[in-house]
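# Topology and contacts: notes
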Amino acid sequence: MPRPVNAEKRAELLKQVVRHLQHHGVAQMSLSPLAESIGTTKRMLLYYFGSRENLLAQALAASRPDAHAMFDDVSDGAGLRTAARALWEAMTVGEQSGPIRMLLQLLSLAATDPEQYGEIAAETIEVMVSPIAAAYVRLGHSPQSARAGATLLVSGLRGLCQDRLVTHDVARTDAAARRLIRDAVAVADD
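Below: a short report on this structure.

Rules of the game
Residues numbered from 1 in each chain as written. Predicted model: local features only at pLDDT ≥ 70, side-chain atom pairs only at ≥ 80, totals over all residues. Heavy atoms only, no water. Core = buried A, V, L, I, M, F, W, Y, C linked by side-chain atoms within 4.5 Å. Buried < 20%, exposed > 50% of the residue type's maximum accessible area, 1.4 Å probe, protein only. Helix = DSSP H or I, 4+ residues; strand = E, 2+ residues; numbered from the N terminus. 1 Å grid on protein atoms, 1.4 Å probe; cavity = no way out; pocket = protein on both sides within 12 Å on 5 of 7 lines; lining within 4 Å. Points joined across faces, edges and corners; volume = space filled by probe spheres on them. Nonpolar A, V, L, I, M, F, W, Y, C, P; charged D, E, K, R; others polar.

## Quick look at the nonpolar core
One finds Leu45, Leu55, Phe71 and Leu157 to be the most contacted residues of the largest nonpolar core, which totals 57 residues. With nine residues, helix H8 (residues 114–138) is the largest single contributor of residues to this core.

## Quick notes on the layout of surface pockets
In this model, the largest pocket occupies a volume close to 160 Å³. Secondary-structure elements contributing two or more residues to the lining of the largest pocket are helix H4 (52–63) and H8. If one sorts the elements of the lining of the largest pocket by residue count, H8 sits on top with seven residues. A breakdown of the residues in the lining of the largest pocket according to their chemical character gives five nonpolar, one polar and five charged.

## Things to note about unusual backbone geometry
Of note, His168 is a non-glycine position whose phi angle comes to about 60 degrees, a positive value. Mapped onto the secondary structure, His168 falls in the loop between helix H9 (143–167) and helix H10 (170–189). Residue class for His168 comes out exposed when judged on its relative accessible area of 63%.

## Here's the deal with empty space enclosed by the protein
Scanning the entire structure with this criterion turns up one cavity of 30 Å³ or more. Empty space within the largest cavity amounts to approximately 180 Å³. Lining the largest cavity are 15 residues, with Arg64, Pro65, Ile100, Leu103 and Met128 sitting closest to its centre. The set of elements that each furnish at least two residues to the lining of the largest cavity consists of H4, helix H6 (77–92), helix H7 (99–112), H8 and H9.

Okay, structure coming up:
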């Protein structure tokens, strides 16, 4: 009978993997060098995570913002505005400012190597869009309109975050984010 997985050890390994990927990127992730870098073995990574793809998926899941926590209680335009601002802050100066780099890398890889990264990238986008779309539906929008509004918000903020990472222009990207959020909320208020 196989030994049960040590959940604490697995969680600690996942934290180390996330830190490694934030600093070294996703594109060239190989299990042997990754394992050596975090002080374990490829065999242990496979034992705890099953495969390279599963490890990458779990690292991304562990490091993305919890859009449900941010948007599930939205019931009016003011709540949507507050949640969108919280998302922008998390992506740029909060707990997500490191992991967002992994997400941006993944999305770029999915555009050039959809066979390997397309499914996980699409799932990562959907995890963000769905709770925000549900908030728009609660505000009275049709499902199609809600998904469009959520996509505008998620993709717009993500693009501005990428701009900020490249240009380091905090004032301009913050102003653009405020405008995007204002316009997205105005659409929700209509």
